[in-house]
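A look at the structure
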Amino acid sequence: MRKMLLATTAIAFGLSAAAPAFAEFNDRNIRVSNGINEDHPVGNGIKAMQACLDEKSGGKLKLTAFWGGALGGDLQATQALRSGVQEAVVTSSSPLVGIIPALGVFDLPFLFASPEEAYQVLDGEFGDMMSQKLEEAGLVNLGYWENGFRNLSNSVRPVTKWEDFEGMKVRVMQNDIFLDTFQNLGANATPMAFGEVFSALETNAIDAQENPYVTIDTSKFYEVQKYVTETNHAYTPFLFLFSKAIFDTYTPEEQAALRECAIVGRDEERKVIQDLNKKSLEKIKEAGLEVNVLSEEEQARIREKSMVVYEKHKATIGADVVDGILAKLEEIRK
Ligand code: TK8
(Lines give C-alpha, C1' and ligand atoms only; values in the text may rest on other atoms or scores of the structure.)
Protein backbone atom coordinates (compact mmCIF):
# COMPACT_ATOMS: atom_id res chain seq x y z
CA MET A 1 0.00 0.00 0.00
CA ARG A 2 2.75 2.36 1.03
CA LYS A 3 4.73 1.45 -2.05
CA MET A 4 1.71 2.14 -4.20
CA LEU A 5 1.16 5.51 -2.57
CA LEU A 6 4.76 6.42 -3.18
CA ALA A 7 4.45 5.39 -6.80
CA THR A 8 1.27 7.46 -7.23
CA THR A 9 2.93 10.45 -5.62
CA ALA A 10 5.89 10.03 -7.94
CA ILE A 11 3.59 9.98 -10.95
CA ALA A 12 1.78 13.05 -9.67
CA PHE A 13 5.08 14.84 -9.22
CA GLY A 14 6.23 13.63 -12.57
CA LEU A 15 3.16 15.12 -14.20
CA SER A 16 3.40 18.39 -12.40
CA ALA A 17 7.08 18.55 -13.28
CA ALA A 18 6.19 18.14 -16.97
CA ALA A 19 3.34 20.65 -16.99
CA PRO A 20 5.36 23.84 -16.41
CA ALA A 21 7.06 23.25 -19.77
CA PHE A 22 4.03 24.93 -21.40
CA ALA A 23 3.19 27.33 -18.57
CA GLU A 24 4.46 30.26 -20.58
CA PHE A 25 2.00 29.49 -23.36
CA ASN A 26 -1.62 30.63 -23.50
CA ASP A 27 -4.35 29.33 -25.77
CA ARG A 28 -4.08 31.47 -28.87
CA ASN A 29 -6.11 31.32 -32.03
CA ILE A 30 -4.00 32.87 -34.76
CA ARG A 31 -5.88 33.75 -37.92
CA VAL A 32 -3.66 33.70 -41.02
CA SER A 33 -5.16 34.89 -44.26
CA ASN A 34 -3.99 34.45 -47.83
CA GLY A 35 -5.18 35.30 -51.31
CA ILE A 36 -4.11 31.98 -52.75
CA ASN A 37 -5.77 28.58 -52.28
CA GLU A 38 -4.99 25.83 -49.79
CA ASP A 39 -3.30 23.61 -52.38
CA HIS A 40 -0.67 26.30 -52.93
CA PRO A 41 2.62 25.37 -51.17
CA VAL A 42 1.79 27.99 -48.52
CA GLY A 43 -0.67 25.32 -47.32
CA ASN A 44 2.23 22.89 -46.79
CA GLY A 45 4.18 25.62 -45.03
CA ILE A 46 1.33 26.36 -42.64
CA LYS A 47 1.01 22.64 -41.81
CA ALA A 48 4.72 22.36 -41.05
CA MET A 49 4.57 25.54 -38.99
CA GLN A 50 1.61 24.16 -37.03
CA ALA A 51 3.39 20.87 -36.28
CA CYS A 52 6.32 22.87 -34.94
CA LEU A 53 4.03 25.07 -32.84
CA ASP A 54 2.21 22.03 -31.45
CA GLU A 55 5.47 20.63 -30.22
CA LYS A 56 6.73 23.86 -28.71
CA SER A 57 3.48 25.02 -27.14
CA GLY A 58 1.81 21.72 -26.24
CA GLY A 59 -0.94 22.52 -28.72
CA LYS A 60 -1.72 25.96 -27.33
CA LEU A 61 -0.73 28.07 -30.33
CA LYS A 62 -3.21 27.31 -33.12
CA LEU A 63 -3.13 28.65 -36.64
CA THR A 64 -6.43 29.00 -38.47
CA ALA A 65 -5.84 29.65 -42.15
CA PHE A 66 -8.28 31.48 -44.39
CA TRP A 67 -7.79 30.89 -48.11
CA GLY A 68 -8.77 32.57 -51.35
CA GLY A 69 -8.95 36.04 -49.85
CA ALA A 70 -11.76 35.01 -47.47
CA LEU A 71 -10.64 37.69 -44.99
CA GLY A 72 -10.02 40.29 -47.68
CA GLY A 73 -7.14 40.95 -50.08
CA ASP A 74 -3.47 41.37 -49.19
CA LEU A 75 -3.65 45.09 -48.51
CA GLN A 76 -6.91 44.98 -46.57
CA ALA A 77 -5.66 42.12 -44.38
CA THR A 78 -2.36 43.93 -43.76
CA GLN A 79 -4.24 47.03 -42.60
CA ALA A 80 -6.28 44.80 -40.26
CA LEU A 81 -2.97 43.62 -38.76
CA ARG A 82 -1.77 47.19 -38.28
CA SER A 83 -4.93 48.08 -36.41
CA GLY A 84 -4.67 44.91 -34.30
CA VAL A 85 -7.89 43.21 -35.44
CA GLN A 86 -6.27 40.27 -37.26
CA GLU A 87 -3.20 38.29 -36.19
CA ALA A 88 -1.40 37.30 -39.38
CA VAL A 89 -1.26 37.32 -43.17
CA VAL A 90 0.90 35.76 -45.85
CA THR A 91 1.04 38.53 -48.43
CA SER A 92 3.01 39.62 -51.45
CA SER A 93 5.22 42.57 -50.62
CA SER A 94 4.09 44.42 -53.74
CA PRO A 95 0.67 45.74 -52.64
CA LEU A 96 2.27 47.15 -49.46
CA VAL A 97 4.49 49.80 -51.09
CA GLY A 98 2.01 52.51 -50.13
CA ILE A 99 2.78 51.67 -46.47
CA ILE A 100 6.51 50.92 -46.82
CA PRO A 101 7.90 52.44 -50.04
CA ALA A 102 11.25 50.64 -49.60
CA LEU A 103 9.52 47.29 -50.26
CA GLY A 104 9.28 48.42 -53.89
CA VAL A 105 12.86 47.30 -54.32
CA PHE A 106 11.60 43.72 -54.72
CA ASP A 107 9.33 44.81 -57.59
CA LEU A 108 12.15 46.08 -59.78
CA PRO A 109 12.10 44.07 -63.00
CA PHE A 110 14.73 41.34 -63.40
CA LEU A 111 16.31 42.06 -60.02
CA PHE A 112 16.93 38.49 -58.88
CA ALA A 113 18.34 35.87 -61.21
CA SER A 114 17.62 32.75 -59.13
CA PRO A 115 15.70 31.74 -56.00
CA GLU A 116 19.00 31.01 -54.22
CA GLU A 117 20.13 34.55 -54.83
CA ALA A 118 16.84 35.85 -53.46
CA TYR A 119 17.19 33.64 -50.34
CA GLN A 120 20.65 35.04 -49.64
CA VAL A 121 19.37 38.61 -49.79
CA LEU A 122 16.06 38.04 -47.98
CA ASP A 123 17.37 35.76 -45.21
CA GLY A 124 20.36 38.00 -44.54
CA GLU A 125 21.08 41.55 -43.42
CA PHE A 126 19.15 43.18 -46.24
CA GLY A 127 16.01 41.25 -45.33
CA ASP A 128 16.50 42.19 -41.65
CA MET A 129 16.76 45.85 -42.58
CA MET A 130 13.46 45.59 -44.44
CA SER A 131 11.85 43.78 -41.48
CA GLN A 132 12.90 46.71 -39.31
CA LYS A 133 10.98 49.07 -41.58
CA LEU A 134 7.95 46.77 -41.44
CA GLU A 135 8.13 46.75 -37.66
CA GLU A 136 8.07 50.56 -37.59
CA ALA A 137 4.83 50.30 -39.56
CA GLY A 138 3.28 47.95 -36.99
CA LEU A 139 4.09 44.67 -38.73
CA VAL A 140 6.32 41.90 -37.41
CA ASN A 141 7.85 39.98 -40.32
CA LEU A 142 8.26 36.36 -39.23
CA GLY A 143 10.00 35.40 -42.45
CA TYR A 144 10.23 35.61 -46.20
CA TRP A 145 8.18 32.83 -47.73
CA GLU A 146 8.18 32.19 -51.47
CA ASN A 147 5.83 33.48 -54.09
CA GLY A 148 8.36 33.01 -56.86
CA PHE A 149 9.34 34.09 -60.32
CA ARG A 150 6.48 35.63 -62.21
CA ASN A 151 5.41 34.65 -65.71
CA LEU A 152 2.86 36.09 -68.11
CA SER A 153 -0.39 34.42 -69.14
CA ASN A 154 -2.88 35.82 -71.65
CA SER A 155 -5.81 34.98 -73.86
CA VAL A 156 -4.93 36.83 -77.06
CA ARG A 157 -1.61 35.82 -78.59
CA PRO A 158 1.75 34.20 -78.00
CA VAL A 159 4.21 36.65 -76.45
CA THR A 160 7.78 36.03 -77.54
CA LYS A 161 9.17 39.58 -77.77
CA TRP A 162 8.40 42.88 -76.07
CA GLU A 163 6.50 44.23 -79.09
CA ASP A 164 3.87 41.53 -78.44
CA PHE A 165 2.78 43.39 -75.29
CA GLU A 166 1.44 46.26 -77.39
CA GLY A 167 -2.09 47.18 -76.28
CA MET A 168 -2.51 44.02 -74.19
CA LYS A 169 -4.70 44.57 -71.14
CA VAL A 170 -2.51 43.19 -68.36
CA ARG A 171 -3.64 43.04 -64.76
CA VAL A 172 -0.87 44.17 -62.44
CA MET A 173 -0.75 44.26 -58.65
CA GLN A 174 -1.61 47.53 -56.93
CA ASN A 175 1.94 48.75 -57.36
CA ASP A 176 3.38 51.59 -59.48
CA ILE A 177 6.58 49.76 -60.35
CA PHE A 178 4.68 46.90 -61.97
CA LEU A 179 2.37 49.42 -63.60
CA ASP A 180 5.30 51.29 -65.15
CA THR A 181 7.14 48.11 -66.14
CA PHE A 182 4.19 46.93 -68.22
CA GLN A 183 3.20 50.36 -69.58
CA ASN A 184 6.80 50.80 -70.67
CA LEU A 185 6.52 47.56 -72.67
CA GLY A 186 3.46 48.97 -74.46
CA ALA A 187 0.83 47.09 -72.48
CA ASN A 188 -2.33 48.62 -71.12
CA ALA A 189 -1.64 47.84 -67.45
CA THR A 190 -4.55 47.73 -65.01
CA PRO A 191 -3.96 47.55 -61.24
CA MET A 192 -6.35 45.15 -59.56
CA ALA A 193 -6.58 43.18 -56.31
CA PHE A 194 -5.77 39.48 -56.70
CA GLY A 195 -9.25 38.36 -55.73
CA GLU A 196 -10.76 39.96 -58.81
CA VAL A 197 -8.34 38.48 -61.35
CA PHE A 198 -10.07 35.20 -62.20
CA SER A 199 -13.42 36.73 -63.09
CA ALA A 200 -11.79 39.66 -64.92
CA LEU A 201 -9.96 37.12 -67.09
CA GLU A 202 -13.07 35.02 -67.52
CA THR A 203 -15.17 37.97 -68.72
CA ASN A 204 -12.30 39.30 -70.87
CA ALA A 205 -12.29 42.57 -68.94
CA ILE A 206 -8.53 41.95 -69.03
CA ASP A 207 -6.42 39.83 -71.40
CA ALA A 208 -3.52 38.93 -69.22
CA GLN A 209 -2.03 38.58 -65.77
CA GLU A 210 1.37 37.64 -64.39
CA ASN A 211 2.10 35.23 -61.55
CA PRO A 212 4.29 32.20 -60.85
CA TYR A 213 3.31 28.86 -62.44
CA VAL A 214 2.07 27.50 -59.10
CA THR A 215 -0.43 30.36 -58.84
CA ILE A 216 -1.56 30.05 -62.47
CA ASP A 217 -2.17 26.40 -61.54
CA THR A 218 -3.69 26.57 -58.03
CA SER A 219 -5.83 29.65 -58.76
CA LYS A 220 -6.99 27.94 -61.98
CA PHE A 221 -6.07 30.82 -64.29
CA TYR A 222 -5.22 28.18 -66.92
CA GLU A 223 -8.97 27.62 -67.33
CA VAL A 224 -9.41 31.14 -68.70
CA GLN A 225 -6.08 31.72 -70.50
CA LYS A 226 -4.59 30.42 -73.76
CA TYR A 227 -0.92 31.42 -73.73
CA VAL A 228 1.86 31.47 -71.19
CA THR A 229 5.30 33.01 -71.55
CA GLU A 230 8.11 32.18 -69.18
CA THR A 231 9.34 35.72 -68.66
CA ASN A 232 10.74 35.41 -65.12
CA HIS A 233 10.42 39.18 -65.02
CA ALA A 234 10.26 39.48 -61.23
CA TYR A 235 10.67 37.46 -58.06
CA THR A 236 8.29 38.87 -55.48
CA PRO A 237 8.52 37.42 -51.98
CA PHE A 238 5.67 36.50 -49.68
CA LEU A 239 5.94 38.02 -46.21
CA PHE A 240 4.62 36.16 -43.16
CA LEU A 241 3.41 39.19 -41.24
CA PHE A 242 2.10 39.35 -37.70
CA SER A 243 0.24 42.24 -36.09
CA LYS A 244 2.77 44.03 -33.89
CA ALA A 245 -0.05 45.26 -31.62
CA ILE A 246 -1.04 41.63 -30.93
CA PHE A 247 2.50 40.18 -30.97
CA ASP A 248 3.54 42.60 -28.23
CA THR A 249 0.90 41.12 -25.90
CA TYR A 250 2.34 37.59 -26.30
CA THR A 251 4.84 36.07 -23.87
CA PRO A 252 8.51 35.94 -24.95
CA GLU A 253 8.17 32.12 -25.27
CA GLU A 254 5.16 32.47 -27.56
CA GLN A 255 6.97 35.05 -29.66
CA ALA A 256 10.07 32.88 -29.93
CA ALA A 257 8.01 29.83 -30.93
CA LEU A 258 6.25 31.82 -33.65
CA ARG A 259 9.52 33.17 -35.02
CA GLU A 260 11.19 29.76 -35.04
CA CYS A 261 8.23 27.86 -36.45
CA ALA A 262 7.61 30.42 -39.22
CA ILE A 263 11.11 29.59 -40.45
CA VAL A 264 10.35 25.85 -40.33
CA GLY A 265 7.22 26.60 -42.38
CA ARG A 266 9.16 28.77 -44.79
CA ASP A 267 11.69 26.04 -45.50
CA GLU A 268 8.96 23.50 -46.16
CA GLU A 269 7.06 25.92 -48.41
CA ARG A 270 10.17 26.75 -50.43
CA LYS A 271 10.93 23.05 -50.83
CA VAL A 272 7.43 22.15 -52.00
CA ILE A 273 7.29 25.08 -54.42
CA GLN A 274 10.42 23.94 -56.29
CA ASP A 275 8.77 20.65 -57.04
CA LEU A 276 5.29 22.00 -57.74
CA ASN A 277 6.65 24.58 -60.18
CA LYS A 278 7.48 21.80 -62.64
CA LYS A 279 4.23 19.95 -62.03
CA SER A 280 2.20 23.13 -62.45
CA LEU A 281 3.87 23.82 -65.79
CA GLU A 282 2.97 20.31 -66.95
CA LYS A 283 -0.61 20.83 -65.84
CA ILE A 284 -0.80 24.13 -67.73
CA LYS A 285 0.44 22.41 -70.88
CA GLU A 286 -1.95 19.50 -70.43
CA ALA A 287 -4.80 22.00 -70.14
CA GLY A 288 -3.93 22.98 -73.72
CA LEU A 289 -2.14 26.27 -73.20
CA GLU A 290 0.70 27.22 -75.53
CA VAL A 291 3.85 27.81 -73.48
CA ASN A 292 6.68 29.95 -74.81
CA VAL A 293 9.99 30.53 -73.13
CA LEU A 294 11.58 33.92 -73.83
CA SER A 295 14.83 33.49 -75.69
CA GLU A 296 17.89 34.78 -73.85
CA GLU A 297 18.21 37.47 -76.47
CA GLU A 298 14.63 38.66 -75.97
CA GLN A 299 14.94 38.54 -72.22
CA ALA A 300 18.03 40.72 -72.50
CA ARG A 301 16.15 43.18 -74.75
CA ILE A 302 13.23 43.41 -72.34
CA ARG A 303 15.56 43.80 -69.40
CA GLU A 304 17.46 46.55 -71.16
CA LYS A 305 14.23 48.36 -72.01
CA SER A 306 13.01 48.02 -68.41
CA MET A 307 16.01 49.69 -66.79
CA VAL A 308 14.28 53.10 -66.98
CA VAL A 309 11.97 51.78 -64.25
CA TYR A 310 14.93 51.54 -61.85
CA GLU A 311 15.81 55.19 -62.40
CA LYS A 312 12.22 56.37 -62.19
CA HIS A 313 11.52 54.67 -58.85
CA LYS A 314 14.88 54.94 -57.16
CA ALA A 315 14.05 58.07 -55.16
CA THR A 316 10.71 56.70 -53.91
CA ILE A 317 12.17 53.34 -52.87
CA GLY A 318 15.24 55.07 -51.40
CA ALA A 319 18.52 55.40 -53.27
CA ASP A 320 20.35 53.70 -50.36
CA VAL A 321 17.99 50.71 -50.55
CA VAL A 322 18.34 50.28 -54.32
CA ASP A 323 22.12 50.76 -54.26
CA GLY A 324 22.33 48.49 -51.22
CA ILE A 325 20.62 45.55 -52.88
CA LEU A 326 22.55 45.99 -56.13
CA ALA A 327 25.83 46.01 -54.22
CA LYS A 328 24.77 42.89 -52.31
CA LEU A 329 23.83 41.11 -55.53
CA GLU A 330 27.12 42.05 -57.12
CA GLU A 331 28.92 40.58 -54.11
CA ILE A 332 26.87 37.35 -54.32
CA ARG A 333 27.50 37.01 -58.06
CA LYS A 334 31.27 37.35 -57.79
C1 TK8 B 1 -2.14 36.37 -53.21
C2 TK8 B 1 -1.27 37.40 -53.91
C3 TK8 B 1 -0.82 36.95 -55.28
C4 TK8 B 1 0.12 37.98 -55.90
C5 TK8 B 1 -0.75 38.80 -56.84
O6 TK8 B 1 -2.83 37.01 -52.23
O7 TK8 B 1 -1.52 39.63 -56.36
O8 TK8 B 1 -0.64 38.63 -58.05
O9 TK8 B 1 1.17 37.39 -56.56
O10 TK8 B 1 -0.35 35.68 -55.28
O11 TK8 B 1 -0.22 37.81 -53.08
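Residues numbered from 1 in each chain as written. Predicted model: local features only at pLDDT ≥ 70, side-chain atom pairs only at ≥ 80, totals over all residues. Heavy atoms only, no water.

**Here we look at the site of the ligand**
Taken together, Gly35, Ile36, Asp74, Ser92, Asn147, Arg150, Arg171, Met173, Phe194, Asn211 and Phe238 form the complete shell of residues around the ligand. Here an oxygen atom of the ligand sits 3.0 Å away from a polar atom, N or O, in the side chain of Arg150. Taking Asn211, its side chain carries an N or O atom lying 2.7 Å from an oxygen atom of the ligand. Protein contacts shield 98% of the accessible area of the ligand, which totals 310 Å² for the unbound molecule. For the shell around the ligand, the residue count by class is 4 nonpolar, 4 polar and 3 charged. Three or more residues apiece are contributed to the shell around the ligand by two domains, here domain 1 (28-97 + 115-146 + 237-278) and domain 2 (151-234 + 280-333). (Near = heavy atom within 4 Å. Polar contact = N/O pair within 3.5 Å; in protein donor to acceptor, adjacent residues only side chain to side chain. Areas by Shrake-Rupley, 256 points an atom, 1.4 Å probe, with all protein chains shown as cover. Nonpolar A, V, L, I, M, F, W, Y, C, P; charged D, E, K, R; others polar. Domains from an automatic or database assignment.)

**Side note on the packing of helix α2 (residues 41-57) against helix α10 (residues 252-286)**
Where α2 contacts α10, the axes come no closer than 7 Å and their chain directions differ by 150 degrees. With respect to their mutual orientation, α2 and α10 come out roughly antiparallel. For the element pair α2 and α10, the recorded crossing hand is right-handed. Mapping the contact onto sequence places Pro41, Val42, Asn44, Gly45, Ala48, Met49, Cys52, Leu53 and Lys56 in α2 and Ala257, Leu258, Glu260, Cys261, Ala262, Val264, Gly265, Glu268, Glu269, Val272, Ile273 and Leu276 in α10. Of the residues assigned to the contact of α2 with α10, the class counts are 14 nonpolar, 3 polar and 4 charged. (Axes fitted to C-alpha atoms, helices over the stretch in contact; angles between N-to-C directions. Helix = DSSP H or I, 4+ residues; strand = E, 2+ residues; numbered from the N terminus. Parallel < 35°, antiparallel > 145°, perpendicular 65-115°, else oblique. Left-handed = near helix turned anticlockwise from the far one by under 90°. Contact = heavy atoms within 4.5 Å.)

**Focus on the domain arrangement of the chain**
Looking at the chain, the domain boundaries give domain 1 (28-97 + 115-146 + 237-278) and domain 2 (151-234 + 280-333). For domain 1 versus domain 2, the separation of C-alpha centres amounts to 24 Å. Summed over both sides, the interface between domain 1 and domain 2 buries roughly 1,700 Å², with carbon and sulfur atoms accounting for 62% of that surface. The three residues of domain 1 that bury the most area against domain 2 are Glu117, Phe126 and Asn277, which together make up 26% of that side's buried surface. (Buried area = accessible area lost by both parts, 1.4 Å probe.)

**Quick word on the nonpolar core**
Proteins that are soluble and globular tend to have nonpolar side chains buried together. Leu103, Val105, Phe106, Phe112, Met130 and Ile325 are the most contacted members of the largest nonpolar core, which has 36 residues in total. Contributing elements (two or more residues each) for this core: α3 (74-82), α4 (115-122), α5 (125-136), β4 (139-149), β10 (235-243), α11 (296-317) and α12 (319-333). Counting contributing residues per domain, this core is built from domain 1 (28-97 + 115-146 + 237-278) and domain 2 (151-234 + 280-333), each supplying no fewer than three. In this structure, Ile36, Trp67, Phe242 and Ala262 belong to the second largest nonpolar core, which totals 27 residues. (Core = buried A, V, L, I, M, F, W, Y, C linked by side-chain atoms within 4.5 Å. Buried < 20%, exposed > 50% of the residue type's maximum accessible area, 1.4 Å probe, protein only.)

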